[in-house]
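A look at the structure
Each chain, letter by letter, is given below.
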Amino acid sequence: MIDCDVHVQITHPEEILKFIDAPEREWYRNQAYLLGLPGYPWSNPSTWFRGDLAVDETGMPGGNPATVAKEVLDNQGADIGILTADDALSVGLMQNTYRAAALARAHNDWFREDWFPVDDRFRGSIVVPSQDPVAAVAEIERCASDRRFVQVLLAGGSERPYGDPKYLPILEAAAANGLAVAIHSGMEGMGLAHQPTGAGAPTFYIEWHTTGSACSIMGHLFSLLTHGTFRRIPDLKVLLIEGGVAWLPGMLWRNDTNWRGLRDDTPWLDEPPSETMKRHIRFATQPLEHTDGNDELLWQMLAAVGAPDILCYSSDYPHWDGDEPKWLANRLPEAWRQGVMHDNAVNFYGSRLDLPVAR
Amino acid sequence: MSEWHDIAAEADVAPGAPAIARIEGREIGVMRDPRTNDLIAIRNRCPHSGAKLCLGSVEQRIEGEPGGHYHLVDRTVVVCPWHGWEFDASSGVCPEDENFRVAVYPVRVEHGRVFVQA
């Protein structure tokens, strides 16, 4: 099993600050929210985390590499755990571009120095200051030679959808270095990002969790497709994380319908965008929607747009809404299990998942 | 066996002013391509959702490349007045979805009259 979304928590900020040059460290210590990252306007009313995980003296899980290795790799049986950031997902939304670049570097060094060596089943995501694509490209190129990094991580919340040409250098650099691009929902309405929905800012966490995290992923999906991004970068692979999948057939059908009638505006789209999606984009499964007894309908709908090949398992460890692998696998049609739980991620990430690690 | 049918006076068919005839239960229109001045005989029913296709427009096809590059190509399309779907004026095929095809017919002009083979 390959887990495509393991969230590392910053429980001890000094662990990251040691990778930041001394003259800058105090600035991060003095920020109102963690290391100057934008804080959440909508907070979970109880806890962000599963209640059965080991916590350290800060009361948080997910911050110790050995513990994460035990809980995700040993206990849940992951052959590979791909580490994604948590709060640092929003580094590309910090108002201060320069501090963002330095913090992104430190976070990536923290993965490389403190996490990867603990277990060779760990792989990682490169966080980048996406508000400054030049700096983001430099960071990708700095990290890419370490093959334990498998993807560039971008936040669902953004200044513009990622098909915008502003972001093209980031996507090109990822593809040129054999890295996937992962877009993880979240951080909508934070820092430089726009509000989560076209209707404006939601009031409650449940609204954000339902609409915000899905809408941003929809926005990026159709932006990337509509700009013809995959014609410009044929090797680009994108994983969309935690935006849900039950909406996917309906939105793809809606978009393909629009494409037939509106093609003069985007005449470079030489096939139904849903077909392009099947070749270049994968969806992390968590949180797989509950269907009130209609799972068969869900599988049928998803199969119509490329499932099971477009789905890759993710747990979202250590969050409260995670999908435990055995539960998810048992829920899937039997014929889908091997692909969704393992093979699709292997095909998607390619040789960077190979063991032993080639550094 | 299809036959040639006298549809209209050629002078009466202009861009935006098609001639419509009913032939053996089918409504067929003759449209003028404003770019080439050619005549197009096409069934007056969009295969998508049934609009009267000849109330649409005859346009030069636009193609493009990612990055905002547009160019006109040597291809004429009939554009449906309802949803904007395009149909190749020569083949009747919707380039975006070849499952959708509208019938097109041979057309010729003799002595100032437009004839359609249908």
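The structure reproduced in this document is the subject of the present report. (Residues numbered from 1 in each chain as written. Chains lettered and ligands numbered in written order. Predicted model: local features only at pLDDT ≥ 70, side-chain atom pairs only at ≥ 80, totals over all residues. Heavy atoms only, no water.)

**What about the overall build of chain A?**
Condition: Secondary structure elements are taken from DSSP: a helix is a run of H or I of four residues or more, a strand is a run of E of two residues or more, and numbering for both begins at the N terminus. For a compact globule the rule gives 2.2 Å times the number of residues to the power 0.38, and the radius of gyration it is set against comes from C-alpha atoms. Categorising residues by exposure relies on relative accessible area from a 1.4 Å probe, with only protein chains included: less than 20% of the type maximum marks a residue as buried, more than 50% marks it as exposed, and the intermediate range marks it as partly exposed. Note on contacts: a residue pair qualifies if any of its non-hydrogen atoms lie within 4.5 Å across the two residues. Working definition of accessibility: Shrake-Rupley area with a 1.4 Å probe, residue cover restricted to the visible protein chains.
Across its full length, chain A carries 13 helices and eight strands. Against the 2.2 N^0.38 benchmark of 21 Å for 359 residues, chain A shows a C-alpha radius of gyration of 19 Å, consistent with a compact globule. In terms of principal-axis extent, the alpha carbons of chain A reach across some 55 × 45 × 40 Å. By the burial criterion, 58% of the 359 residues in chain A qualify as buried. When contacts within chain A are restricted to residue pairs at least 6 apart in sequence, those whose partners lie at least 24 apart make up 82%. For chain A, the computed accessible surface area is about 14,000 Å², with 51% contributed by carbon and sulfur atoms.

**Some words on the packing of helix 4 (residues 97–115) of chain A against helix 5 (residues 133–143) of chain A**
Residues and elements named next belong to chain A. Rules: Here an axis means a line fitted to C-alpha atoms, over the contact stretch when the element is a helix, while the angle between two N-to-C directions is reported on a 0 to 180 degree scale. Throughout, the term roughly parallel applies to angles under 35 degrees, roughly antiparallel to angles over 145, roughly perpendicular to angles from 65 to 115, and oblique to all others. For any helix crossing, the convention is left-handed if the near helix is rotated counterclockwise from the far helix by under a right angle, and right-handed if that rotation is clockwise. In this count, Pro and Cys sit with the nonpolar residues alongside Ala, Val, Leu, Ile, Met, Phe, Trp and Tyr, while Asp, Glu, Lys and Arg are called charged and the others, Gly among them, polar.
At a minimum axis distance of 10 Å, the contact between helix 4 and helix 5 shows a crossing angle of 15 degrees. With respect to helix 5, the element helix 4 is oriented roughly parallel. The handedness of the crossing between helix 4 and helix 5 comes out as right-handed. Between helix 4 and helix 5, the contacting residues are Ala101, Ala104, Arg105, Asn108, Asp109 and Arg112 on the first element and Ala135, Glu139, Arg142 and Cys143 on the second. Of the residues belonging to the contact of helix 4 with helix 5, the class tally is four nonpolar, one polar and five charged.

**Comments concerning the packing of aromatic side chains**
Stated precisely, the cut-off is as follows: Two rings from Phe, Tyr or Trp (for Trp, the six-membered ring) form a pair when their centres sit within 6.5 Å of each other. Planes less than 30 degrees apart are called stacked, planes more than 60 degrees apart edge-to-face, and all others tilted. Here, a charge over a ring means that NZ of Lys or CZ of Arg falls within 6 Å of the ring centre while also lying within 35 degrees of the ring normal.
Per the stated rule, a full pass over the model turns up 18 aromatic pairs over all chains. Among the aromatic side chains, those forming a connected cluster through ring pairs are Trp110, Phe111, Trp115, Phe116, Phe122 and Phe149 of chain A. Against the face of Phe348 of chain A rests Lys237 of chain A, its NZ or CZ located 5.6 Å from the ring centre. Its end group placed over the ring of Phe115 of chain B, Arg108 of chain B keeps NZ or CZ at 5.4 Å from the ring centre.

**Observations regarding the nonpolar core**
In globular proteins that are soluble, nonpolar side chains generally tend to be buried together. Heads up, the rule is: Nine residue types can take part in a nonpolar core, namely buried Ala, Val, Leu, Ile, Met, Phe, Trp, Tyr and Cys, and a core is a set of them joined through side-chain atoms within 4.5 Å.
Membership of the largest hydrophobic core comes to 111 residues, with the highest contact counts inside it found for Leu221, Phe283 and Tyr349 of chain A. In contact with Tyr349 of chain A, other than residues within four places in its own chain, are Cys4, Ile82, Val150, Gln151, Ala180, Lys237 and Leu239 of chain A. The next biggest cluster of nonpolar side chains, apart from the first, holds 15 residues, and it includes Ile40, Val78, Cys94 and Val102 of chain B.

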